[in-house]
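# Observations on the model geometry
Listed here are the chains, written in short residue letters.
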Amino acid sequence: MTTRNLYHSKPAQWAVYGLFFVAIALIPAFVSDGFLLNQFAVYGIYGMLALSISLCWGFGGILNLGQGIAFGLAAYGMAMTMQMQSQDPDSNPIPPFMLNNSLEHLPWFWQPFWSTGGGILLALVVPTLFYVVFGTLMFRARVSGPFFAIMSLAMLSAFATLILDMQPYTNGANGISPPSPLSVFGTDIDPYSPTAYWIVCGLLIVTTVGAKLLTQSKFGLVVQALRGDPERVRFLGYNVALYETCIYAISGFIAALAGCLWVMLIQYVSPAQLDTTFSIGMVIWAGIGGRLSLLGAILGAFLIQGGQSYLGDQFLATWLLVLGAFFIVVVRFLPKGLAGLLEKVLGALARQPGKHARPDLRDAISGAPAAGE
């Protein structure tokens, strides 16, 4: 087997992913503090967001600065579902903040959230459907590159403004705070319990495996070809707009799933989840970790958000300058992110005598498919 084939060995890639999955699944066995376990679960949600950016930007070449749209809309949908779980249809059908805003009847678009299953379904379907419609309009008009990034950012700002202006229905800047944990089949899910952590961990694993399989499929290869030369792919007879819309919508669905999990853990949502800074931060996570690597993007989110949690309070506003400088250095000298740096290190080790087994790990982290895969 040649060195290149070793680098692109699929079994080795899956072995590394498997080790990562086992490592995060075993965390509750070593962490008994509920607050810390909840924090690790939140990191898992950040990992899902970075994964969605890597899929859309890294593999699809679509720079989306408005990923907070799917995350925020889904978070509001989940918060509405959890809020209605605490309301009584007969004696107390209207949330307190609506009464404070002089509403006498529950708005029609809140009615479907009486059903837990229906509410969660809407929280996932509505943002995904928006991505399908918005993506179709943009990509059929061949809007791409920085123009699409600006459009997605403008749309995100529009949604954030809409949420703020609909004070009686969304509680405006105060957000929605469901008073009780999510209840599924009569069982409350304690956000500080191992159960909540494993739900997040399990969905992170499922979405990562699904995204990995997608990138290795024929569909994934066409999407990656679009990133390099969409005109050539169009010349070969593929519907470029359809493929771009699909990968954009899939990334939106993953972000929407993360938004639902966010409210399950935090029990709160506000326009901050639709803030432009937060969405741009997702791109930074993927860029630093390695946008061409699904696993690298996830680890980038863990690294940046972990650093912010433990260093942000110490450096305060200076942390943003440190993060910005770090991002500039990575983009300038490590275009493939930290995953690319690890790839180079493992590649150097592979060229040493007697080091023939290590190249497999290099591509397992980078996630770059070999020609013909």
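Residues numbered from 1 in each chain as written. Predicted model: local features only at pLDDT ≥ 70, side-chain atom pairs only at ≥ 80, totals over all residues. Heavy atoms only, no water.

### Regarding a nonpolar patch on the surface
Together, Leu121, Val125, Leu129, Val132, Val133 and Leu137 line one region of the surface with nonpolar side chains, adding up to about 520 Å² of accessible area. With respect to the helices, strands and loops of the structure, Val132 is situated in helix α7 (residues 116-140). (Patch = residues over 30% accessible without salt bridge, like charges linked within 9 Å, V, L, I, M, F, W, Y side chains within 5 Å. Areas by Shrake-Rupley, 256 points an atom, 1.4 Å probe, with all protein chains shown as cover. Salt bridge = Lys/Arg side-chain N within 4 Å of Asp/Glu carboxyl O. Helix = DSSP H or I, 4+ residues; strand = E, 2+ residues; numbered from the N terminus.)

### Focus: the layout of surface pockets
Approximately 460 Å³ is the volume attributed to the largest pocket. Lining the largest pocket are 19 residues; nearest its centre among them are Leu73, Tyr76, Met80, Phe109 and Val126. When contributions to the lining of the largest pocket are tallied by element, the ones reaching two or more residues are α5 (68-85), α7, α8 (145-165) and α9 (167-170). A per-class count over the lining of the largest pocket returns 17 nonpolar, two polar and no charged. (1 Å grid on protein atoms, 1.4 Å probe; cavity = no way out; pocket = protein on both sides within 12 Å on 5 of 7 lines; lining within 4 Å. Points joined across faces, edges and corners; volume = space filled by probe spheres on them. Nonpolar A, V, L, I, M, F, W, Y, C, P; charged D, E, K, R; others polar.)

### Considerations on the side chain of Ser52
Assignment of secondary structure puts Ser52 in helix α4 (residues 34-59). Overall, Ser52 belongs to the buried group, its relative accessible area being 0%. A distance of 2.6 Å separates the side chain of Ser52 from the backbone oxygen of Leu49, its partner in a polar contact. There is a polar contact of 2.9 Å between the side chain of Ser52 and the side chain of Gln67. Ignoring any residue separated from it by four or fewer positions in sequence, one finds Ser52 in contact with Gln67, Ser251, Ile254 and Ala255. (Buried < 20%, exposed > 50% of the residue type's maximum accessible area, 1.4 Å probe, protein only. Polar contact = N/O pair within 3.5 Å; in protein donor to acceptor, adjacent residues only side chain to side chain. Contact = heavy atoms within 4.5 Å.)

### Here we look at α7
Given a rise of 1.5 Å per residue, 25 residues ought to cover 36 Å, and the 36 Å separating the end C-alpha atoms of α7 matches this to within 8%. Those residues of α7 that fall on the buried side of the exposure criterion are Gly119, Ala123, Leu124, Pro127, Thr128, Phe130, Tyr131, Phe134, Gly135, Met138 and Phe139. Its side-chain oxygen at 3.1 Å from the backbone nitrogen of Gly118, Ser115 defines the N-terminal cap of α7. Among the residues trailing α7, Arg142 stands out with phi positive, at a value near 60°. (Expected span 1.5 Å × (residues − 1).)

### Considerations on the UniProt feature "transmembrane region" (unreviewed entry) in the protein chain
UniProt tags residues 12-31, 43-62, 113-134, 146-164, 195-214, 235-266, 278-304 and 316-334 as "transmembrane region" (unreviewed entry). Split by type, residues 43-62 is 85% helix and 0% strand. Its first and last C-alpha atoms lie 24 Å apart. Across residues 278-304, the secondary structure splits into 85% helix and 0% strand, with the terminal C-alpha atoms separated by 13 Å. (UniProt positions renumbered as here; feature names shortened; annotations may be inferred.)

### A closer look at the packing of aromatic side chains
All chains considered together, the criterion is met by 26 aromatic pairs. Judged by centre distance (5.6 Å) and plane angle (10°), the ring pair of Phe130 and Phe134 falls under stacked. Here Phe130 and its partner Phe134 are both found in helix α7, four residues apart, which amounts to about one turn of the helix. In this pair, the class of Phe130 matches that of Phe134, namely buried. Just above the ring of Trp57 sits the side chain of Arg291; from NZ or CZ to the centre is 4.8 Å. (Phe/Tyr/Trp six-rings, centres within 6.5 Å; stacked < 30°, edge-to-face > 60°. Lys NZ or Arg CZ within 6 Å of the ring centre and 35° of its normal.)

### With respect to the confidence of the model for the protein chain
Of all residues in the protein chain, 88% have pLDDT values of 70 or greater, and the mean over the chain is 86. Below pLDDT 50 for its whole length, residues 1-7 participates in 14 contacts with residues either more than four positions away or in separate chains. Contacts for the low-pLDDT stretch residues 355-373, under 50 throughout, to residues beyond four places or in other chains number 51 contacts. (pLDDT = per-residue confidence, 0-100.)

### Focus on the pattern of salt bridges
Scanning the entire structure with this criterion turns up one salt bridge. Measuring nitrogen to oxygen at the nearest pair gives 2.7 Å for the salt bridge that ties Arg234 to Glu231. Here Arg234 pairs with Glu231, and both are found in helix α12 (residues 230-235), just three residues apart, close to one helical turn. The class for Arg234 is partly exposed, based on a relative accessible area of 24%.

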